[in-house]
Amino acid sequence: MHTIRLRQSWVRRACTLPTRALHTAPSTVEIIARKRDGAELETFEIDAVISRFQDGSMADYQMSAFMMATYLQGMSDKETADLTLAMTNSGTIADLSSIDLPKVDKHSTGGVGDKVSLALAPLVASLGVVVPMITGRGLGHTGGTLDKLESIPGFNASVNSEHFLHMLREIGVAMIGPTPDIAPADKRMYALRDVTSTVGSMPLICASIMSKKLAENPDAIVIDVKTGTAAFMPKLEDGIALSQAMIAAGQHAGKTTQVLVTRMDQPLGCTVGTWLEVAETLEVLHGRGPSDLVQMVQVFAAQVVLPQAMLALSLIHIS
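Residues numbered from 1 in each chain as written. Predicted model: local features only at pLDDT ≥ 70, side-chain atom pairs only at ≥ 80, totals over all residues. Heavy atoms only, no water.

> How would you explain the overall build of the protein if you had to name every residue and give the values?
Scanning the protein for helices and strands turns up twelve helices and six strands. Contacts spanning at least 24 positions in sequence make up 79% of the contacts within the protein whose residues lie at least 6 apart. Of the roughly 13,800 Å² of accessible surface on the protein, 58% is carried by carbon and sulfur atoms. (Helix = DSSP H or I, 4+ residues; strand = E, 2+ residues; numbered from the N terminus. Contact = heavy atoms within 4.5 Å. Areas by Shrake-Rupley, 256 points an atom, 1.4 Å probe, with all protein chains shown as cover.)

> Account for the pattern of salt bridges, naming residues and giving values.
Counted under the stated rule, the structure contains 16 salt bridges. A salt bridge links Asp219 to Lys103; the shortest N-O distance between them is 3.8 Å. One end of the pair, Asp219, is in the loop between helix H9 (202-216) and strand S5 (220-227); the other, Lys103, is in the loop between helix H4 (77-88) and strand S2 (104-108), and 116 residues separate them in sequence. There is no split in this pair, since Asp219 and Lys103 are both buried. A salt bridge links Arg137 to Asp147; the nearest nitrogen and oxygen atoms lie 2.8 Å apart. Linking Arg137 in the loop between strand S3 (131-134) and helix H6 (145-149) with Asp147 in helix H6, this pair joins segments that are ten residues apart in sequence. (Salt bridge = Lys/Arg side-chain N within 4 Å of Asp/Glu carboxyl O. Buried < 20%, exposed > 50% of the residue type's maximum accessible area, 1.4 Å probe, protein only.)

> Talk me through helix H11 (residues 274-285); I want residue IDs and the actual numbers.
Relative to the 16 Å expected for twelve residues at 1.5 Å per residue, H11 spans 17 Å between its end C-alpha atoms, a close match to the ideal helical length. If you check which residues of H11 are buried, you get Glu277, Val278, Glu280, Thr281 and Val284. One side of H11 carries all its buried residues, which in axial view fall inside an arc of 165°. Where H11 ends, the next residue or the one after it, Gly287, has phi of about 85°, a positive value. (Expected span 1.5 Å × (residues − 1). Arc of directions from axis to C-beta.)

> How would you summarise the nonpolar core if you had to cite specific residues and measurements?
Val116, Leu120, Val124, Met175 and Val304 are the most contacted members of the largest nonpolar core, which has 31 residues in total. At the level of elements, helix H5 (116-125), S3, strand S4 (173-176), S5, H11 and helix H12 (291-318) are the ones that each hand at least two residues to this core. Setting aside chain neighbours within four positions, we find Leu120 in contact with Lys106, Val297, Phe300, Ala301 and Val304. Ala25, Leu41, Met58 and Leu83 belong to the second-largest nonpolar core, a separate cluster that totals 22 residues. (Core = buried A, V, L, I, M, F, W, Y, C linked by side-chain atoms within 4.5 Å.)

> Report on the environment of Thr179, specifying residues and quantitative values.
Examined against the element boundaries, Thr179 turns out to sit in the loop between S4 and helix H8 (184-195). Each C-alpha atom, one on Thr179 and one on Asn160, is 6.3 Å from the other, the two residues being 19 residues apart in sequence. A polar contact is formed between the side chain of Thr179 and the side chain of Asp181, at a distance of 2.6 Å. One polar contact links the side chain of Thr179 to the main-chain amide nitrogen of Ile182, over a distance of 3.2 Å. (Polar contact = N/O pair within 3.5 Å; in protein donor to acceptor, adjacent residues only side chain to side chain.)

> Run through the confidence of the model for the protein, naming residues and quoting values.
This prediction gives the protein a mean pLDDT of 87; 89% of its residues lie at or above 70. Between residues 5-17, whose pLDDT stays under 50, and residues either more than four places distant or in other chains, the model counts 47 contacts. Overall, residues 313-319 carries pLDDT values under 50, and its contacts beyond four positions in sequence, including any with other chains, amount to zero contacts. (pLDDT = per-residue confidence, 0-100.)

> Outline the packing of helix H1 (residues 28-36) against helix H3 (residues 60-73), listing residues and values.
The N-to-C vectors of H1 and H3 enclose an angle of 20°; their axes lie 8 Å apart at closest approach. With respect to H3, the element H1 is oriented roughly parallel. Once H1 is placed against H3, the crossing between them reads as left-handed. Note on element contacts: H3 touches H1 through Gln62, Ala65, Phe66, Ala69, Thr70 and Gln73, opposite Thr28, Val29, Ile31, Ile32, Lys35 and Arg36. (Axes fitted to C-alpha atoms, helices over the stretch in contact; angles between N-to-C directions. Parallel < 35°, antiparallel > 145°, perpendicular 65-115°, else oblique. Left-handed = near helix turned anticlockwise from the far one by under 90°.)

> Describe a nonpolar patch on the surface, with residues and values.
A cluster of nonpolar side chains, Leu123, Leu127, Leu282 and Leu285, forms an exposed patch at the surface whose accessible area comes to about 330 Å². Within the fold, Leu285 resides in helix H11. (Patch = residues over 30% accessible without salt bridge, like charges linked within 9 Å, V, L, I, M, F, W, Y side chains within 5 Å.)

> Let's hear about the packing of H4 against H9: which residues, and what values?
The packing of two helices is summarised by the inter-axis angle and the distance between the axes. Following both chains from N to C, one finds H4 and H9 inclined at 45°, their axes separated by 8 Å at the closest point. Overall, the two elements H4 and H9 adopt an arrangement that is oblique. Crossing angle aside, the handedness with which H4 passes H9 is right-handed. Only Pro203, Leu204, Cys206, Ala207, Ser208, Met210, Ser211, Leu214 and Ala215 of H9 make contact with H4, whose side of the interface consists of Thr80, Leu83, Thr84, Leu85, Met87 and Thr88. Classifying every residue of the contact of H4 with H9 by side-chain character gives ten nonpolar, five polar and no charged. (Nonpolar A, V, L, I, M, F, W, Y, C, P; charged D, E, K, R; others polar.)

Take a look at the structure:
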C-alpha cells in the first residue's frame, strides 16, 4: 500500500466557525457569468449563491450552471474555503461540547470495495475516540458508505441531530446519512453533481466533504483521498491538489485536518457490493479478513488514535 501523508498539526482548536461579513451581492446571473469567465469570486458572492439556492430564489438549473462554471474554471483555495463554510453554515452545526472524549471523523473519497470506514469507526470507538460520521451515497462507479449501511436489515440511517448526539454519548460512534438540518445545501448540490457531469470538480468535492465534516464539529478530521484506476480521481497530482484544498478549508475553519493519499488501482479486499462488503467488514472486526483491507484499517486507526493519545499524555504532563 502506497500512501502520501499531508497534515496540519494536531492541535485542539476552538469549534467556533468564522463569522461572515454582509455585502450586497450581484445578481445570480452576474455571479455565474463572473465564474464562467474565470473571475475569483468574493466571499459575499459565494455566500449569496448558497443562500439563494437554499431559499429557492436560485433555481436548480442556475446552480447546475454555476457548478459547471466551477468545474471548467476551478476555484482558488480561498474560494473553495468560502464555499465550504457557506455550505456548512446553510444548516446547524452540532454542539458536541458535552462529550469530554476526543472526537474524530474519517472520510474517504471512495473507490471500488472501499469499506474501511465501516470497520474503522467501531474499532476506534472501542479505544475511546468518539466518531461522529455523516456518510454519503456512491458517486459515479464508487460505492457509498450510506448505501452499504442501508443494506443491513432494519438499519436506520435517517436520524435527527438529537438522536445523533445520543448515539455518540451512549456508544461512542454514530454513522448516519445526511440530515435535513446538517449542511442541507450540500444534499441538493450532491444530487445535481451526479447528473451534470461535475462529480470530478475538486472545489465541489472539497466543499461537499468538508462542509459535512465541519457541521459534525469534531476535534479533528482524517481523510482518505483515493487515486488510481478504480477511483474517480485517477491522477496522483489531482489527489494531492484535492488534499491541499481540504487542508486549507480545514485551517480556514480552525479544524485540525490530516489527509492520506492512497492508491486505488484494484478493489480493496475481496468483495464488491453493498451487503457483501458489510459481511467482509464483520470478518475484519472478528480478526480475520483480507490482508490489504486489514492493513488499511490499521493505518487509519493509528492516524485517528495516536494523535489523540499524545494530546492526552501532554495534558496530563502539563497538569
